[in-house]
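Given next are the chains, with one letter for each unit.
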Amino acid sequence: MIERNLTITNKLGLHARAAAKVVSVSCRYSCTIQVLHGERQIDAKSIMGLLMLGAAKGTTLTVRVDGEDEVPAMDELADLFERKFDEGE
């Protein structure tokens, strides 16, 4: 299992388009991917769950990845967060 804190740095936070990109990346992998924020633990393959986090710019989320392809999954998710979900800000 890999666990990493990722901070949302794009202007609009984890809104619908950004959440859809997280789901898209997560669904390419067979491992379990959980996003934790406070007491909430959300499946990263669930767009509704991600949207319900209400994560704004500056929010730090803990991403927990567990399974056979956990390393490439975490690398791709971390890269997506670092690229500000490709929103060109």
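Structure report, in brief. (Residues numbered from 1 in each chain as written. Predicted model: local features only at pLDDT ≥ 70, side-chain atom pairs only at ≥ 80, totals over all residues. Heavy atoms only, no water.)

Regarding the overall build of the protein
Piece 1. Assigned secondary structure in the protein consists of three helices and four strands.
Piece 2. Expected size for 89 residues packed as a compact globule is a radius of gyration near 12 Å; at 12 Å, the protein falls within 12% of this value.
Piece 3. Taken along its principal axes, the extent of the C-alpha atoms in the protein is 35 × 30 × 20 Å.
Piece 4. Nonlocal contacts in the protein, meaning residues at least 24 apart in sequence, comprise 73% of its contacts between residues at least 6 apart.
Piece 5. For the protein, the exposed surface amounts to about 4800 Å²; the carbon and sulfur share of it is 50%.
Piece 6. Here the protein carries 11 positive and 14 negative side-chain charges, and the mean point of each set is 9 Å from the other. (Helix = DSSP H or I, 4+ residues; strand = E, 2+ residues; numbered from the N terminus. Rg over C-alpha atoms; globule rule 2.2 N^0.38 Å. Contact = heavy atoms within 4.5 Å. Areas by Shrake-Rupley, 256 points an atom, 1.4 Å probe, with all protein chains shown as cover. Lys, Arg positive; Asp, Glu negative; His and termini not counted. Charge placed at Lys NZ, Arg CZ, Asp CG, Glu CD.)

Let's talk about the pairing of strand S4 (residues 60–66)
Piece 1. Summarising the sheet, strand S1 (residues 2–7) and S4 pair through six bridges and their orientation is antiparallel. Within S4, the position partnered with Arg 4 by the bridge is Val 63.
Piece 2. By the bridge criterion, five bridges tie strand S2 (residues 32–37) to S4 in an arrangement that is antiparallel. Bridge pairing links Val 35 to Val 63 in S4. (Pairing = 2+ DSSP bridges.)

Here we look at a nonpolar patch on the surface
Piece 1. A cluster of nonpolar side chains, namely Ile 47, Met 48 and Leu 51, defines an oily patch on the protein surface of about 250 Å² accessible area.
Piece 2. Here Leu 51 lies in helix H2 (residues 47–52).
Piece 3. Accessibility expressed as a relative area gives 31% for Leu 51, which makes it partly exposed. (Patch = residues over 30% accessible without salt bridge, like charges linked within 9 Å, V, L, I, M, F, W, Y side chains within 5 Å. Salt bridge = Lys/Arg side-chain N within 4 Å of Asp/Glu carboxyl O. Buried < 20%, exposed > 50% of the residue type's maximum accessible area, 1.4 Å probe, protein only.)

What about unusual backbone geometry?
Piece 1. Even without a glycine there, the phi angle at Lys 84 is positive, about 55°.
Piece 2. Within the element layout of this structure, Lys 84 appears in the segment after helix H3 (70–82).

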